[in-house]
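If you want the building blocks of each chain, they are given just below.
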There are 2 protein chains.
Amino acid sequence: MTKLFKPYYPIAATVDVVIFTIEEDELKVLLIKRANDPHKNRWALPGGFLSQNEPTKNAALRILKDKTGVKDVYLEQLYTFDTLGRDPRGHIITISYFALVNPDATRLQKIEDLQTPTFFNIKKLPRLAFDHKTIIEYAKKRLAYKLEYTNAAFSLLPKKFTLTQLQNVYEIILDKKIDKRNFRKKYLSLDFIKPTHEKLKGIKQRPAELYSFINKKPIEIQRFF
Amino acid sequence: MTKLFKPYYPIAATVDVVIFTIEEDELKVLLIKRANDPHKNRWALPGGFLSQNEPTKNAALRILKDKTGVKDVYLEQLYTFDTLGRDPRGHIITISYFALVNPDATRLQKIEDLQTPTFFNIKKLPRLAFDHKTIIEYAKKRLAYKLEYTNAAFSLLPKKFTLTQLQNVYEIILDKKIDKRNFRKKYLSLDFIKPTHEKLKGIKQRPAELYSFINKKPIEIQRFF
DNA sequence: CCAAAAGTGTTGACTGTACACCCATGT
DNA sequence: ACATGGGTGTACAGTCAACACTTTTGG
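Attention in this report is confined to the structure presented alongside it. (Residues numbered from 1 in each chain as written. Chains lettered and ligands numbered in written order. Predicted model: local features only at pLDDT ≥ 70, side-chain atom pairs only at ≥ 80, totals over all residues. Heavy atoms only, no water.)

Residues in close proximity to DNA strand D total 20 residues, the closest being I203(A), R206(A), K180(B), K185(B) and E209(B). If you look at DNA strand D and keep only atoms within 4 Å of the protein, 43% of those are sugar or phosphate atoms. Contact between DNA strand D and K185(A): a base nitrogen at 3.5 Å from a side-chain N or O atom of the residue. Within the side chain of K180(B), one N or O atom sits 2.6 Å away from a base nitrogen of DNA strand D. (Near = heavy atom within 4 Å. Polar contact = N/O pair within 3.5 Å; in protein donor to acceptor, adjacent residues only side chain to side chain.)

Right, let's talk about the protein's contact with DNA strand C for a bit. Every one of the 20 residues lining DNA strand C counts as a neighbour, but K180(A), Q205(A), E209(A), I203(B) and K204(B) are closest to it. Backbone atoms, meaning sugar and phosphate, form 43% of the atoms of DNA strand C found within 4 Å of the protein. Within the side chain of R184(A), an N or O atom sits 3.1 Å from a phosphate oxygen of DNA strand C. When contributions to the surface near DNA strand C are tallied by element, the ones reaching two or more residues are helix 4 (180–189) of chain A together with helix 4 (180–189) of chain B. Taken together, the residues of the surface near DNA strand C break down into four nonpolar, four polar and twelve charged. (Helix = DSSP H or I, 4+ residues; strand = E, 2+ residues; numbered from the N terminus. Nonpolar A, V, L, I, M, F, W, Y, C, P; charged D, E, K, R; others polar.)

How large an interface is tends to be reported as the accessible area lost when its parts come together. Across the boundary between the two partners, chain B contributes 46 residues, which contact 46 residues of chain A. Carbon and sulfur atoms make up 61% of the area that chain B and chain A hide from each other, which totals about 4,500 Å². Put simply, chain B and chain A have zero salt bridges between them. Taken together, chain B and chain A are joined by eight residue pairs in polar contact (both at pLDDT 80 or more). Of the residues forming the side of chain B that touches chain A, the biggest block, four residues, is contributed by helix 2 (residues 132–149) of chain B. Across the side of chain B that touches chain A, the residue classes tally to 27 nonpolar, nine polar and ten charged. (Contact = heavy atoms within 4.5 Å. Buried area = accessible area lost by both parts, 1.4 Å probe. Salt bridge = Lys/Arg side-chain N within 4 Å of Asp/Glu carboxyl O.)

Turning our eyes to something else, we now look at the packing of aromatic side chains. Under the definition given, this model contains 26 aromatic pairs over all chains. Seen in terms of ring centroids, F81(A) and Y138(A) are 5.9 Å apart; in terms of plane orientation they differ by 90°. Their pairing is edge-to-face. Of the two residues, F81(A) sits in strand 5 (residues 76–81) while Y138(A) sits in helix 2 (residues 132–149), which places them 57 residues apart along the sequence. What links up through ring pairs into an aromatic cluster is the set F154(B), F161(B), Y170(B), F183(B), Y187(B), F192(B) and F213(B). (Phe/Tyr/Trp six-rings, centres within 6.5 Å; stacked < 30°, edge-to-face > 60°.)

Let us look at the environment of A44(B). Residues and elements named next belong to chain B. Along the chain, A44 turns up in strand 3 (residues 43–44). For A44, a relative accessible area of 1% corresponds to the buried category. In this view, A44 contacts L31, I32, R34, L128, A129 and H132; residues no more than four positions away in its chain are not counted. (Buried < 20%, exposed > 50% of the residue type's maximum accessible area, 1.4 Å probe, protein only.)

Attention now moves to the packing of helix 2 of chain A against helix 3 (residues 163–174) of chain A. All names here are of chain A. Close contact between helix 2 and helix 3 brings their axes to 10 Å; oriented N to C, the two are set at 145°. Relative to helix 3, helix 2 is oriented so that their crossing is left-handed. Across from L143, A144, L147 and E148 in helix 2, the residues of helix 3 making contact are V169, Y170, I173 and L174. Of the residues contributing to the contact of helix 2 with helix 3, the split by class is seven nonpolar, no polar and one charged. (Axes fitted to C-alpha atoms, helices over the stretch in contact; angles between N-to-C directions. Left-handed = near helix turned anticlockwise from the far one by under 90°.)

Okay, the environment of K176(B) next. All names here are of chain B. Among the structural elements, K176 can be located in the loop between helix 3 (163–174) and helix 4. We classify K176 as partly exposed; its relative accessible area is 37%. Along the chain, K176 and F213 lie 37 residues apart, while their C-alpha atoms are 23 Å from each other.

Here the focus is the pairing of strand 2 (residues 26–33) of chain A. All names here are of chain A. Counting buried residues in strand 2 gives six out of eight residues, a clear majority hidden from the surface. Inspection of the sheet shows strand 1 (residues 12–23) paired to strand 2 by four bridges, in the antiparallel sense. From the neighbouring strand, I22 faces strand 2, where its bridge partner is L27. Adjacent in sequence and paired antiparallel, strand 1 and strand 2 are bridged by two residues, among which E24 carries a positive phi angle near 50°. The pairing of strand 2 with strand 3 (residues 43–44) spans two bridges and is classified as antiparallel. (Pairing = 2+ DSSP bridges.)

Residue and element names in this part refer to chain A. Secondary-structure assignment places N102 in the loop between strand 6 (92–100) and strand 7 (118–121). Within the local environment of N102, its side chain forms a polar contact with the backbone nitrogen of D104, the two atoms lying 3.0 Å apart. If near-sequence neighbours (up to four positions away) are discounted, N102 is found in contact with T21, S155, L156, L157 and P158.

Dropping the structure here:
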């Protein structure tokens, strides 16, 4: 603290990061195994304490890189969790972030201190430390919104992808079947993607056209009145 | 702090509250005049430091009541602002909340220490303390979303209201004209409101039917696929 | 030629939008 | 009787949802 505050009570703040990916047709979340108490050896979101004069997003990026090897992700602030008792060490709030990554471009490091970063199927999560289950559930809702109202799917896909892969992303996250023709018509009409005129090769069926996102910046679509 | 953390750096956290209302056909924000430095005598969002073991939402309610007299509002967490330098006293993050109130039911107290809580037209804000302008802009976006996707308008209206009043809320917040017939058709089809079979009286035109919200809990509407 | 996934259009239902006049009341 | 805002319907356009067959490739 650069100066002291009269009657004001300092608290501790952590950041926690929810990293989603899609792998083997499953929505997965990145977890690490805690090296220390509390909850030693339990699976948890990558997270840690803020450093001095460190913005929370920087802290999230730093911790993510140090504990999992994941870097260069676009983080979005999710929510600040502050329930009393969420951390047995005392009054600790956590500012959570979330991001989407493409597993092909995301090599997990095996860190020496046994943090073993691992993507878990969101439907088969182990017992989690702290209130991290709550945080993941909240993040999942936000993810579904993002997919419905933005071009966020680009973060989950390789640079070039087929419409079937894209549709799979939607089906997995929204957890429902979508009609192929309607999906293509609608998604193409949004003008988020364009054909590359390349084809997927080396497979035994008809090769699919590869598409790419026109814009790798977040774009929203509008509604109501 | 109930226990000490080894190398971990305590920070200070404040909460700030954005209270919106609609009055005289204008969207207004509740501000107070700061009693102390920094930014003494400048207008600011009601806010203050977290107390020991106090959840942020409780802190927001406490501060709101103490500094403005406003109570019994439904607060929703907005965002955590943490830009370095946002507070000249040091590394202080703020967890912001927002709420909608009906001015008829919200009596502002004139507090002895000259905090003078006042609703300002959002289009005519004075110079604000800290990064409170940024916070208000963020809150305004969130407000427009809420209105489009939920029944949140109930918080801005008296128990009984006319469809014209409801439409005004939308026109003011979305900042555009809406066709009267289309608005009525659409809003009624959402089944958020029901006629009370009472009429507005004592005015010189044809008296309007009064409606009330069926449900004063947040409800969302769905889209896409 | 077979298996597998890619690709493609039409129809009917529903929703959004544009638009103008009569009605009920107080003065 | 008039001024004021309240209240109402229709038609056209656009979007959504349901639905099945042909094409291309590798083996």
